[in-house]
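# Residue-level structure breakdown
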Amino acid sequence: EAGVAQSPRYKIIEKRQSVAFWCNPISGHATLYWYQQILGQGPKLLIQFQNNGVVDDSQLPKDRFSAERLKGVDSTLKIQPAKLEDSAVYLCASSLARGLATNTGELFFGEGSRLTVL
Amino acid sequence: QKEVEQDPGPLSVPEGAIVSLNCTYSNSAFQYFMWYRQYSRKGPELLMYTYSSGNKEDGRFTAQVDKSSKYISLFIRDSQPSDSATYLCAMSRRAGSARQLTFGSGTQLTVLP
């Protein structure tokens, strides 16, 4: 079974530029998440989609971050304009049901997109 | 004070050693406790999941939860070089809510051959 696919794996940009990350979840997974993982920290949830609707975006800095999940499958996370503090790994994850599976709490993560803002 | 505290390490042990990884937390409402393993330049993967207090064993791995002390542990027996990774604890107030899932900052483990 194919895992969560993300691209690009690495991106270096200058501050105030824009960047977009793409995610393709595991086939059949209705719920998709974007996490931000700053070096030395645990992942922090940015946004959660259920199919193509937003369930939770309370921690998404909406003045510069946007995300969409058209057709309830692929998703794109955009940052515009980028700041130095946005340097992080952006992890996409998916799960079968809404939120975490009640019996395992399992999220399936992609390998991440590493962003460096200079 | 962070809700979840985890010693960042790095922790280096010889092959075959017993490893103890720990997290403390401040929110007594946490009921679901998880350990994720994250290899270098990879995404986290779920290793262990426990509900409330007690122990859970899976092969060489044992997860322990002490809610009275707000302390969780992951023990790795007969550690192998392939166990070298960052281990993230995570906890949640209720099942089915990624919004309420709080991760620790991770402990970097190296098992030397």
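This text follows the structure it describes.
Now for a quick tour of the structure.

The rules behind each value
- Residues numbered from 1 in each chain as written.
- Chains lettered and ligands numbered in written order.
- Predicted model: local features only at pLDDT ≥ 70, side-chain atom pairs only at ≥ 80, totals over all residues.
- Heavy atoms only, no water.
- Pairing = 2+ DSSP bridges.
- Helix = DSSP H or I, 4+ residues; strand = E, 2+ residues; numbered from the N terminus.
- Axes fitted to C-alpha atoms, helices over the stretch in contact; angles between N-to-C directions.
- Disulfide = S-S within 2.5 Å.
- Buried < 20%, exposed > 50% of the residue type's maximum accessible area, 1.4 Å probe, protein only.
- Salt bridge = Lys/Arg side-chain N within 4 Å of Asp/Glu carboxyl O.
- Polar contact = N/O pair within 3.5 Å; in protein donor to acceptor, adjacent residues only side chain to side chain.
- Contact = heavy atoms within 4.5 Å.

### Things to note about the sheet that holds strand β6 (residues 54-58) of chain B
Residues and elements named next belong to chain B. If you trace the five strands from one edge of the open sheet to the other, you get β1-β3-β8-β7-β6, paired in antiparallel fashion. Two strands lie at the open edges of the sheet, namely β1 (4-6) and β6, each paired on one side alone. Neighbour-to-neighbour, the strand axes of the sheet open up by a mean angle of 15 degrees, direction not taken into account. Pairing of β1 with strand β3 (residues 19-25), which is carried by three bridges, proceeds in the antiparallel orientation. The partner of E5 across the bridge, within β3, is T24.

### Considerations on the state of the cysteines
Each disulfide consists of a covalent bond between the sulfur atoms of two cysteine residues. What the rule picks out here adds up to two disulfides over all chains. The side chain of C23(A) participates in a disulfide bridge whose partner is C92(A); the two sulfur atoms lie 1.9 Å from each other. The disulfide joining C23(A) to C92(A) has a torsion of about -70 degrees about its S-S bond and is therefore left-handed. Pair noted here: C23(A) is in strand β3 (residues 19-24) and C92(A) is in strand β9 (residues 88-95), with a separation of 69 residues, a long-range link. The exposure classification of C23(A) matches that of C92(A), with both residues buried. A disulfide bridge connects C23(B) with C89(B), and the sulfur atoms are separated by 2.0 Å.

### Digging into the pairing of strand β5 (residues 45-51) of chain B
All names here are of chain B. For β5, the tally of buried residues reaches five of seven residues, placing the bulk of the element in the interior. In this sheet, β5 lies alongside strand β4 (residues 32-38) in antiparallel orientation, the contact comprising six bridges. Bridging across to β5, W35 finds its partner in M48.

### Re the sheet that holds strand β7 (residues 65-68) of chain A
Residues and elements named next belong to chain A. Spatial strand order, β1-β3-β8-β7: four strands in an open sheet with antiparallel pairing. The outermost strands of the open sheet, each flanked by one partner alone, are β1 (5-7) and β7. If you compare each strand with its neighbour and ignore which way they point, the axes differ by 15 degrees on average.

### Observations concerning the pattern of salt bridges
For the coordinates displayed, the defined rule picks out seven salt bridges over all chains. Note that D86(A) and R64(A) form a salt bridge whose closest N and O atoms lie 2.4 Å from each other. Separated by 22 residues along the polypeptide, D86(A) in the loop between β8 (75-79) and β9 and R64(A) in the loop between β6 (53-56) and β7 bring together distant segments of the chain. For the pair formed by D86(A) and R64(A), the shared burial category is buried. One salt bridge in this structure joins E57(B) and R77(B), with 3.4 Å as the shortest N-O distance.

### Considerations on the side chain of Q6(B)
Residues and elements named next belong to chain B. Structurally, the position occupied by Q6 is in strand β1. Assessed through its relative accessible area of 6%, Q6 is described here as buried. Of note is the side chain of Q6, whose polar atom sits 2.6 Å from the backbone oxygen of Y87. In this structure Q6 touches N22, C23, W35, Y87, L88, C89, G104, S105, G106 and T107, once residues within four positions along its chain are discounted.

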